[in-house]
Amino acid sequence: MTERRPVLVVHGGAGTHAAIAGCPEARKAVEEGVVQAARRGYDELRKGGSSLDAVEAAVMSLEDNATFNAGHGSCLTLEGAVEMDASIMDGHSLDAGSVVCVSNVANPVHLARAVMEQTKHVSLISDRASAFAEHVGIGTVNPSTLITEKSLRRLHSQPQFQASRLDDFYKQNPGSTGTAKDDNHGTVGAVALDSHGNVAYATSTGGINAKMPGRMGDSPIIGSGGYADNRCGCVSTTGDGEALMKTCLARQITFLMEQGRSAQQAVEEGLSYLQDRVGGSGGAIVLTPQGDIGISFVSKGMSWAYVNSPQIHYGIYHGEDNTEAV
Ligand code: GLY
């Protein structure tokens with residue numbers, strides 16, 4: 001097989017990015033976060049790691065960064081709890097793993113990979129996924145360590161919210177001040193191509209703010225939150241989970257690539273379908289086994305970064321105010 005030049009693309013979620021529009025520091029945090037994640041993932045590829053290693057490392061970096069809605073800093077349920085979803089897929093074998101509504105692991109994407117590699121199943125949920133984490137030596141954490149002041153404030157902005165949770169937080173964290181502007185909800189994800197020509201994707205999320213307890217989004221659903229197949233390419237999606245599930249957006253985009261569309265055409269066409277058919281908003285990143293990249297969104301904003309050479313490219317789309325730095 002011809003050796004491929006490795007490529008890695010990440011996104012930090014589609015959403016309103018109101019914080020970014022009005023706040024240079026928030027914008028900088030998002031940009032730095034996606035760039036750091038892209039570097040982490042690309043380092044794996046540079047060292048000879050697989051596309052799976054790369055997407056896992058990139059997404060773990062975003063999960064560890066409280067700027068993003070995944071892992072630490074996840075959106076909260078109506079009851080103020082963390083319930084995270086994640087998935088990962090290998091485009092060579094079509095093996096896939098996912099976890100649903102997990103609340104006590106720092107890196108749900110790492111657990112999803114363990115489900116893929118260490119069980120016969122694709123998906124584990126909630127407490128049973130946590131029990132599996134302990135069984136395979138993936139440390140669990142106190143769920144409260146994943147909650148941030150920002151996620152509590154975001155929840156507090158919802159009328160249904162039980163305000164006492166925020167009071168509790170301030171009692172435990174007396175120095176906290178916080179900012180009110182931060183509705184960057186979304187999901188994080190990565191797609192990668194390694195030097196052997198294998199593609200992979202990973203997606204992780206805290207879901208949507210003030211969701212019903214037990215709600216599962218698109219991110220752990222293979223074909224909605226992402227898809228990877230060496231025959232056509234890989235996709236990680238973000239946005240309105242219910243709409244993404246109804247349209248199986250990731251599989252739809254890979255189907256369009258199978259039909260001969262370029263990565264960019266496929267992502268744009270898939271997102272138009274999402275918008276026209278169910279009125280959904282969201283975005284996606286796409287990569288083909290030839291290394292062609294597609295990035296698009298039908299929401300007010302989406303942050304992304306990619307590395308396809310020693311150079312890193314990154315930016316945040318925000319309405320008319322699109323930026324791209326090279
Ligand atoms: N796309 C993330 C979610 O709706 O859960």
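Residues numbered from 1 in each chain as written. Predicted model: local features only at pLDDT ≥ 70, side-chain atom pairs only at ≥ 80, totals over all residues. Heavy atoms only, no water.

Chemist: How do you make sense of the UniProt feature "active site" (unreviewed entry) in the chain when you look at a structure like this?
Modeler: Feature annotation in UniProt assigns "active site" (unreviewed entry) to the following positions: Thr 187. Checked against the element boundaries, Thr 187 lands in the loop between helix H7 (164-172) and strand S5 (188-193). Setting aside anything within four residues of it in sequence, one finds Thr 187 in contact with His 11, Gly 12, Gly 13, Asn 69, Thr 203, Ser 204, Thr 205, Ser 219, Thr 237 and Thr 238. (UniProt positions renumbered as here; feature names shortened; annotations may be inferred. Helix = DSSP H or I, 4+ residues; strand = E, 2+ residues; numbered from the N terminus. Contact = heavy atoms within 4.5 Å.)

Chemist: Is there a simple way to think about the nonpolar core in this case?
Modeler: Side chains of a nonpolar character, in soluble globular proteins, are inclined to be buried together. Membership of the largest hydrophobic core comes to 49 residues, with the highest contact counts inside it found for Leu 8, Val 10, Ile 88, Val 99 and Leu 111. With seven residues, helix H2 (residues 24-46) is the single largest residue contributor to this core. With residues near it in sequence (within four places) discarded, Val 99 still touches Met 84, Asp 85, Ala 86, Pro 108, Leu 111, Ala 112, Val 115, Leu 124, Ala 129 and Pro 220. In this structure, Ala 96, Val 199, Leu 256 and Val 267 belong to the second largest nonpolar core, which totals 36 residues. (Core = buried A, V, L, I, M, F, W, Y, C linked by side-chain atoms within 4.5 Å. Buried < 20%, exposed > 50% of the residue type's maximum accessible area, 1.4 Å probe, protein only.)

Chemist: Please clarify how the packing of helix H9 (residues 249-258) against helix H10 (residues 263-278) should be interpreted in this entry.
Modeler: When two helices pack together, their arrangement is given by the angle between their axes and by how far apart the axes lie. At a closest axis distance of 8 Å, the pairing of H9 and H10 adopts a crossing angle of 135 degrees. In terms of their interaxial angle, H9 and H10 are classed as oblique. By crossing handedness, the relation of H9 to H10 is classed as right-handed. Residue-level contacts link Leu 249, Gln 252, Ile 253, Leu 256 and Met 257 of H9 to Ala 263, Ala 266, Val 267, Glu 269, Gly 270, Leu 271, Tyr 273 and Leu 274 of H10. Split into classes, the residues belonging to the contact of H9 with H10 amount to 10 nonpolar, two polar and one charged. (Axes fitted to C-alpha atoms, helices over the stretch in contact; angles between N-to-C directions. Parallel < 35°, antiparallel > 145°, perpendicular 65-115°, else oblique. Left-handed = near helix turned anticlockwise from the far one by under 90°. Nonpolar A, V, L, I, M, F, W, Y, C, P; charged D, E, K, R; others polar.)

Chemist: Could you clarify how one ought to interpret the site of the ligand in this entry?
Modeler: The environment of the ligand is made up of Thr 187, Thr 205, Gly 207, Ile 208, Arg 215, Gly 217, Asp 218, Ser 219, Gly 239 and Gly 241. One of the side-chain nitrogen or oxygen atoms of Asp 218 is found 2.7 Å away from a nitrogen atom of the ligand. At a separation of 2.7 Å, a nitrogen atom of the ligand approaches a polar backbone atom of Gly 239. With the chains in place, 99% of the 200 Å² that the ligand exposes on its own is no longer accessible. In terms of residue class, the shell around the ligand is made up of one nonpolar, seven polar and two charged. (Near = heavy atom within 4 Å. Polar contact = N/O pair within 3.5 Å; in protein donor to acceptor, adjacent residues only side chain to side chain. Areas by Shrake-Rupley, 256 points an atom, 1.4 Å probe, with all protein chains shown as cover.)

Chemist: I tried to follow H10 on my own but got confused; where do I start?
Modeler: In an α-helix, one turn spans 3.6 residues, which is why side chains three or four residues apart end up on the same side. Across its 16 residues, H10 extends 22 Å between first and last C-alpha, which sits within 8% of the 22 Å expected from 1.5 Å per residue. When H10 is considered as a whole, its buried residues turn out to be Ala 263, Ala 266, Val 267, Gly 270, Leu 271 and Leu 274. Buried residues of H10 fall within an arc of 125 degrees about the axis and therefore sit on the same side. Where H10 is buried, its residues touch helix H8 (241-247), H9, strand S9 (282-287) and strand S10 (293-297). Positioned one or two residues after H10, Gly 279 has a phi angle of 65 degrees, which is positive. (Expected span 1.5 Å × (residues − 1). Arc of directions from axis to C-beta.)

Chemist: Explanation requested: the UniProt feature "binding site: substrate" (unreviewed entry) in the chain in the structure shown.
Modeler: When the UniProt feature table is mapped onto this chain numbering, "binding site: substrate" (unreviewed entry) sits at Arg 215, Met 216, Gly 217, Asp 218, Thr 238, Gly 239, Asp 240 and Gly 241. Along the chain, the position of Gly 217 falls in the loop between strand S6 (199-205) and strand S7 (226-229). Aside from chain neighbours lying at most four places away, what touches Gly 217 is Asp 85 and Met 245. Relative to the helices and strands, Gly 239 is located in strand S8 (residues 233-239). We classify Gly 239 as partly exposed; its relative accessible area is 22%.

Chemist: Which parts of the structure should I look at to understand the pattern of salt bridges?
Modeler: Once the charged atoms of two side chains with opposite charge are near each other, the side chains can pair. The final tally for this structure, using the stated rule, is 11 salt bridges. Here Lys 28 makes a salt bridge to Glu 32, at a shortest N to O gap of 3.1 Å. Here Glu 32 and Lys 28 lie together in helix H2, a separation of four residues that amounts to about one turn. The residue Asp 53 makes a salt bridge to Arg 113 at a minimum N-O spacing of 2.8 Å. Taken together, the residues Asp 53 in helix H3 (residues 51-64) and Arg 113 in helix H4 (residues 108-118) connect sequence positions 60 residues apart. Among the residues examined, Arg 113 registers a relative accessible area of 12% and is labelled buried. Among the ionic contacts, a cluster of salt bridges with common partners joins Asp 53, Glu 56, Arg 113 and Glu 117. (Salt bridge = Lys/Arg side-chain N within 4 Å of Asp/Glu carboxyl O.)

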